[in-house]
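Residues per chain are reported as follows:
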Amino acid sequence: MTSPMLELTGVKKSFGGNHVIPGLDLTLNAGEVTALIGPNGAGKTTIFNLITGFLRPDEGQVVYKGENLHGVTPEGIFRKGLVRTFQEVRVFGGITVLENVLVGREHGFRSWRATKRNTAAAMETLQLVGLDRKVHVMARDLSYAEQKFLSLARVLASDAELLLLDEPTSGLDGRSLDLVTALIPRLHEMGRTVLIIEHNLDVVRSIAERIVFLESGRVIATGTGDELFARQDLADIYFGGGVQ
Amino acid sequence: MLQFTINLLIMASIAAIVASSLNLLIGYTGVFSIAHAIFYGVGAYATALVSLHWGSSLLLALVVALVSSGVLSVLLALPAARVTGEYFVVVSLAFALVASTVFAQWTPVTGGPAGLVGISRATLFGIGLNSNESYLVLSLALLALVTVILYVLIRHTPLGRSLQALRDDPLAAQALGKNPFRLRLTAVVISAALASTGGVVYAGYIAFVNADGFGEQGGVLFMAMVILGGAGTLSGPIIGAFFITLFPALLEFADLPSQAKGPLEQIIYGAALVLLMLVRPSGIAGIFSALSPGHWRRARAVAGADAGRQPVTGVPVPGEYTPTGGAA
Amino acid sequence: MLALQLLVNGIAVGALYALAAVGVALIFWTTRVFHIAHGATYLIAAYTFVSLHGNSVLLALVGSTLAAAVFGWGMNKFVYRPIQRSRESFFTLFVASFGTLIIVANVISLWAGSGPKALPPPFGRVQIGFLQVTWVAIIAIVVAVVFLLGLQFFLEKTETGVGLRAMADDVELVDLLGLNRRRYATVALILGSVLVVPAAILTTYVQGLTPQAGLRIATIALIVSIAGGVGSLAGAVVSAILLGVVENVSTLYVNASWGTAVGFSVLLAILVFRPSGVIPRPSAT
Ligand SMILES: Nc1ncnc2c1ncn2[C@@H]1O[C@H](COP(=O)(O)OP(=O)(O)O)[C@@H](O)[C@H]1O
Ligand SMILES: [Mg+2]
């Protein structure tokens, strides 16, 4: 095996006296789809914030492709090839759907001359998420589900290799849910590495090669879906919390 | 009467140039600055100095104005590295106060409180723009040029898209690789440079420059034009500028003691601002958009900007990002 | 020696700025409004005092305090709260606040004229060692210390005060704890407005009064409370005094008309190099 794509070692984070991440080791291998699951408040989103530079670890390190990300800004981390979505919908409401997607592809002066190519790529991605009919609609005029799709399209269209998706299916059902569920394996086929926070266990089972189970900021189990879903103790933690 | 109208139209176009430039910050970048009268002033002083020392070339005056206000604006943008969002307003207010002191007190260069006199009308390609009519054409042409530049920048360039992304959601923009400081700096410099061109026309037209109108009071007026007209629309600041400039002309005809006119005008602006904020914060252009949604689709951009700025749960702001925006 | 003299004057002026600034800070904590209309409160208090003090100084004091309190209360009730109810946005609130300042300043100049007003200096000077200090400066310092200590006591020892501090930390927390956010906003606006009264009166004795003073003092109060570190009263006080001192001491080197500009430049530089303020608030633990 090659060296891991992303490696967190001894990462700690507390807010005030609240030790949200008391000590975390986590490894992602290139090309894998990993699901990060755990009860609400387990610290999943916090881990995303720590990886993407929105928060700095109190201790420990985040290493991406052999490079320590300490002190790198969120935008710097994006340029190294990591991109994330947010748990809540965060589209750029005042510009169109197409422009939203272009934003993630256009960097530096060179992009000024590549609008055609970038637009073509953006259109392709929008087709993938079924928004190709709405490219010129203002993002704020989209429905909630469409805004979720747009958030996904934005990160897919960027050339990032590692995608961190924070609950891409939350609030979705029926066809919208199926659309997102079907999308993840396609990413995998494109060779992207994915870390996904997901509450819907059916979705997790169908897309994740590896599952990391988090509770109170600690990894308490890692394995394939079949391994973890068989364990009653995990089910108790997951469903017993009652926070859902 | 004709000269009176021409004069008003020139002043309104100049105001529209400055307000449109400011709109790049307020309406499209989400940077709320009250310092724009300063850059307008820098344009005017630069033109005065060029005219007094180097002659009446319009192009030379424009270049000097663009460069000097662009450079000066970096000083304003510097705190934006750390001080973001709402706090920047206060920084810009303080900056305006400092800079207007410089206008009024740096006597060797600005002429101090007495100002600079004897500025000549500009010449363009050897043609002297001596009549008021030619200045009207000049100011309208410049307004058109500034509007086209802004239109292209905002609608058709990656920079424009990035600025609006930053306005709508700074965190999401960062997550997509945007450097907020660099973008804000770029926007401030471009906006300040464009605003200075209004000063170029003003100085040549009035032939006299002093610190009046280039301080905080002037800055508030330009802000009012953008907000009243409708921030985040191309037409809004122009509507606002014409409204605020032409409106006092009506008071000219009213039978009022002359010293009451100034305050009365201001009271009306103030009341318009407060009422509009209470009723329809998207400005006059926003009122049109309510009437014909198709045409004025973009008018609501600023309403969206507001929404984007609201705190959302799960945002990792506390801790690493202190309220003033600096890393802890 | 002149320097020392200027230092004392600077501290006195700074103490008055501090009184204006803590009001703005309190109001920001609770309403998240940059209350630039604080300048209007200042004008209302000062002009009320000037127009009444011929009758009786006590009446003038009571009158200007009442006027300030009523204005602050009304600002919250008729401007901030309606806007916050429909769409809570910083721009909207700030512009409305600014609009109110413009209205008040100009109504005053219609009514009282735009020229400067002055109050006769009531007491002379005292000689302390080799320093000549005006009584007004001494009173300013004493009044500021008394009011600031009183505020500190109020914030730490009373239930309402503790609630106000909690709001500074976390507005959502206040909602969670069931504290009444609206009531605190009202308290903060009234209290903050009243705090500006001594500043308005004493500054009028020292520097005179014009309708333009409102914007100036509000700008000072805002920049000082931000340069001091958001949420930090001590920081606001320190940077207010710093501004007063720099303003005065700089006149040793430059013309007095540059004073405020030099002081502001120092505060801006602080913001660039120490963005969390002079005295950053310790993060909640
Ligand atoms: N910026 C923050 N400041 C203080 N506490 C935070 C912050 N971010 C997260 N927390 C706390 O950390 C815990 C974990 O939150 P989060 O990572 O969002 O959980 P999850 O995404 O697993 O539901 C929660 O108790 C939350 O209140
Ligand atoms: Mg989460």
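All values derive from a computational prediction rather than experimental measurement.

Draft legend 1. Representation of the pairing of strand S1 (residues 125-128) of chain C in the model. Residue and element names in this part refer to chain C. With four bridges joining them, S1 and strand S2 (residues 131-134) adopt antiparallel strand pairing. The partner of Val126 across the bridge, within S2, is Val133. Connecting S1 to the antiparallel partner S2 that follows it, the hairpin turn spans two residues, and Gly129 within it adopts a positive phi of roughly 60 degrees.

Draft legend 2. Representation of the coordination of the magnesium ion (ligand 2) in the model. Coordination sphere of the magnesium ion (ligand 2), protein contribution only: Thr45 of chain A (OG1) and Gln87 of chain A (OE1), at 2.1 to 2.2 Å. In this pair, Thr45 of chain A sits in helix H1 (residues 44-51) while Gln87 of chain A sits in the loop between strand S6 (82-84) and helix H3 (97-103), placing the two residues 42 residues apart along the sequence.

Draft legend 3. Molecular detail of the interface of chain C and chain B. At the interface, 44 residues of chain C touch 44 residues of chain B. Of the roughly 4,000 Å² buried where chain C meets chain B, counting both sides, 81% is carbon and sulfur surface. For the interface between chain C and chain B, the tally reads zero salt bridges. One can count one residue pair in polar contact (both at pLDDT 80 or more) joining chain C with chain B.

Draft legend 4. Just the pattern of salt bridges, in detail. Residues and elements named next belong to chain A. One pass over the full model with this rule turns up 11 salt bridges over all chains. Put simply, Glu59 and Lys12 hold a salt bridge, and the shortest N to O gap is 3.6 Å. Highlighted residues: Glu59 in strand S4 (residues 59-64) and Lys12 in strand S1 (residues 6-15), separated in sequence by 47 residues. Taking the relative accessible area as the measure of exposure, Glu59 reaches 46% and is therefore partly exposed. The residue Lys80 makes a salt bridge to Glu67 at a minimum N-O spacing of 2.8 Å. Here Lys80, found in the loop between helix H2 (74-79) and S6, pairs with Glu67, found in strand S5 (residues 67-68); they are 13 residues apart in sequence, far enough to count as distant.

Draft legend 5. The sheet that holds strand S8 (residues 193-197) of chain A, seen in detail. Residues and elements named next belong to chain A. The strand order across the open sheet built from six strands is S6-S7-S8-S3-S9-S10, with neighbouring strands paired in mixed fashion. Both outer strands of the open sheet, S6 and strand S10 (218-223), are each paired with one neighbouring strand and no more. Each adjacent strand pair in this sheet contributes to an overall mean axis angle of 20 degrees, direction not counted. Where strand S7 (residues 162-166) lies against S8, five bridges are found, and the strand directions are parallel.

Draft legend 6. Geometry of helix H2 (residues 38-52) of chain C. When the terminal C-alpha atoms of H2 of chain C are compared, their 21 Å separation across 15 residues agrees well with the 21 Å that a helix rising 1.5 Å per residue should span. Most of H2 of chain C sits out of view: 13 of its 15 residues are buried.

Draft legend 7. Here's a closer look at the site of ligand 1. Ligand 1 sits among 10 residues. The nearest are Gly41, Gly43, Lys44, Thr45 and Thr46 of chain A. Neighbouring residues of ligand 1 are not confined to a single chain but are spread across chains A and B. With respect to ligand 1, the backbone of Ala42 of chain A contributes an N or O atom lying 3.2 Å from an oxygen atom. Thr46 of chain A has a polar side-chain atom sitting 2.6 Å from an oxygen atom of ligand 1. Starting from 560 Å² of accessible surface for ligand 1 in isolation, the protein chains cover 69%. Per-element accounting of the shell around ligand 1 gives the leading share, three residues, to H1 of chain A.

Draft legend 8. Expanded view of the packing of aromatic side chains. Applying the stated rule across the entire model yields 16 aromatic pairs over all chains. Judged by centre distance (5.4 Å) and plane angle (85 degrees), the ring pair of Tyr40 of chain B and Phe222 of chain B falls under edge-to-face. Taken together, the positions of Tyr40 of chain B in helix H2 (residues 36-53) and Phe222 of chain B in helix H10 (residues 216-229) put the pair 182 residues apart, joining distant regions of the chain. When its relative accessible area of 6% is taken as the criterion, Phe222 of chain B is described as buried. Positioned above the aromatic ring of Phe86 of chain A, the side-chain terminus of Arg84 of chain A is 4.2 Å from the ring centre. The ring of Tyr184 of chain C is capped by Arg183 of chain C, whose NZ or CZ atom sits 5.1 Å from the centre of that ring.

Draft legend 9. Focus on the environment of Thr245 of chain B. As for its placement among the helices and strands, Thr245 of chain B is situated in helix H11 (residues 236-253). Within the local environment of Thr245 of chain B, its side chain forms a polar contact with the backbone oxygen of Ala241 of chain B, the two atoms lying 2.6 Å apart.

Rules of the game
- Residues numbered from 1 in each chain as written.
- Chains lettered and ligands numbered in written order.
- Predicted model: local features only at pLDDT ≥ 70, side-chain atom pairs only at ≥ 80, totals over all residues.
- Heavy atoms only, no water.
- Pairing = 2+ DSSP bridges.
- Helix = DSSP H or I, 4+ residues; strand = E, 2+ residues; numbered from the N terminus.
- Donors = N, O, S within 2.8 Å, 3.2 Å for Na, K, Ca; no water.
- Contact = heavy atoms within 4.5 Å.
- Buried area = accessible area lost by both parts, 1.4 Å probe.
- Salt bridge = Lys/Arg side-chain N within 4 Å of Asp/Glu carboxyl O.
- Polar contact = N/O pair within 3.5 Å; in protein donor to acceptor, adjacent residues only side chain to side chain.
- Buried < 20%, exposed > 50% of the residue type's maximum accessible area, 1.4 Å probe, protein only.
- Axes fitted to C-alpha atoms, helices over the stretch in contact; angles between N-to-C directions.
- Expected span 1.5 Å × (residues − 1).
- Near = heavy atom within 4 Å.
- Areas by Shrake-Rupley, 256 points an atom, 1.4 Å probe, with all protein chains shown as cover.
- Phe/Tyr/Trp six-rings, centres within 6.5 Å; stacked < 30°, edge-to-face > 60°.
- Lys NZ or Arg CZ within 6 Å of the ring centre and 35° of its normal.

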